[in-house]
Amino acid sequence: EALDKIDEGECSIVLDTTAFYGEGGGQVGDTGSLENENATLTVNDTKKHDGVFVHLCPVESGSVKVGDTLNGTVDKERRQAIARNHSAVHLLQAALRKALGDHVCQRGSNITAERLRFDFSHPEKVTPEQLKIVEDMVNEVIKAAIPVVMKEISLEEAKAEGFTGLFESKYGEVVKTYTIGDFSKEICGGPHVESTGKLGHFKIQKEQSSGSGIRRIKAILE
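How each quantity is defined
- Residues numbered from 1 in each chain as written.
- Predicted model: local features only at pLDDT ≥ 70, side-chain atom pairs only at ≥ 80, totals over all residues.
- Heavy atoms only, no water.
- Helix = DSSP H or I, 4+ residues; strand = E, 2+ residues; numbered from the N terminus.
- Buried < 20%, exposed > 50% of the residue type's maximum accessible area, 1.4 Å probe, protein only.
- Contact = heavy atoms within 4.5 Å.
- Areas by Shrake-Rupley, 256 points an atom, 1.4 Å probe, with all protein chains shown as cover.
- Salt bridge = Lys/Arg side-chain N within 4 Å of Asp/Glu carboxyl O.
- Phe/Tyr/Trp six-rings, centres within 6.5 Å; stacked < 30°, edge-to-face > 60°.
- Lys NZ or Arg CZ within 6 Å of the ring centre and 35° of its normal.
- Core = buried A, V, L, I, M, F, W, Y, C linked by side-chain atoms within 4.5 Å.

## Considering the overall build of the chain
- Each helix and strand in the chain was counted, giving three helices and 15 strands.
- For the chain, the spread of C-alpha atoms along the three principal axes comes to 60 × 35 × 35 Å.
- Taken over 222 residues, the chain has a buried fraction of 42%.
- Sequence separation of 24 or more characterises 61% of the internal contacts of the chain that already satisfy a separation of 6 or more.
- Total accessible area on the chain stands at roughly 11900 Å², and carbon and sulfur atoms take up 47% of it.

Now the structure itself:
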């Protein structure tokens, strides 16, 4: 139901511009607050629908109407924790491809402030020895404090330069790419850390089946 004004209960707010990241690419949406002199709203989640960012909010006080200006504040600490786990997923995928082979492709992910989950194509259980190799590889890159470089280029350039991505997804003509030294090159919407040195220690907690020919790894940053 479209409303011109709301002064209580849950609502969805759409802004002309926003600093909030909408859930996508396996990463959860940002939380925080929206407010002005007349209203305060808590942002419990941010979704993205057909390029439109939707902020899911209960009205804490006051009222808000169409045309109002609202100041948005993203929960910075939570955003940074999510970004660390998102960058760790890039390192994990690259390490898996190096350890197991180029047949490894992302088949899903779920990234929160607390942990990461990564699904990938592989025909058999990953052995404890292989997991140790992957874990050590990721931690070596973290220890090296390599810059994470973002560049916007055309999708065709990204493909030609060997960036990995979910090419069955709908990309625009221009995409964001993230390069971590010569270790990882991916198309991604971000956000990410500026350097791998900010990630902490990477630890794999579990490896399991997630479907036919698909394995799942759950991991944390300590």
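## Focus: the pattern of salt bridges
- One pass over the full model with this rule turns up ten salt bridges.
- For arginine 79, the salt bridge goes to aspartate 30, with nearest N and O atoms at 2.6 Å. Of this pair, arginine 79 sits in helix α1 (residues 76–100) while aspartate 30 sits in the loop between β2 (10–14) and β3 (32–35); the two residues are 49 residues apart in sequence, bridging distant segments of the chain.
- Here glutamate 207 makes a salt bridge to arginine 215, at a shortest N to O gap of 2.7 Å. Take glutamate 207 and arginine 215: they sit in the same class, and that class is buried.
- Because the salt bridges share partners, they merge into one network encompassing Glu23, Asp45 and Lys47.

## What to know about the packing of aromatic side chains
- Counted according to the given criterion, the structure contains one aromatic pair.
- Centre to centre, the rings of phenylalanine 118 and phenylalanine 120 are 6.0 Å apart; their planes meet at 15°, and the pair counts as stacked.
- Lysine 98 extends its terminal NZ or CZ atom over the ring of phenylalanine 183, reaching a point 4.9 Å from the ring centre.
- A cation sits over an aromatic face here: lysine 185 above phenylalanine 163, 4.8 Å from the ring centre.

## Notes on the nonpolar core
- In terms of nonpolar packing, the biggest core is built from 33 residues, with Leu91, Leu92, Leu96, Phe120, Phe202 and Ile217 touching the most fellow members.
- Only α1, β10 (116–121), α2 (128–143), β12 (174–180), β14 (202–211) and β15 (214–221) provide two or more residues apiece to this core.
- Looking at this core, the element that brings in the most residues is α1, giving nine residues.
- Apart from residues no more than four positions distant in its own chain, leucine 91 is found in contact with Val138, Val141, Ile142, Ile180, Phe183, Thr196 and Leu199.
- Grouped together as the second largest cluster of nonpolar side chains are 13 residues, Ile13, Phe20, Cys57 and Val59 included.

These figures come from the coordinates and say nothing about function on their own.
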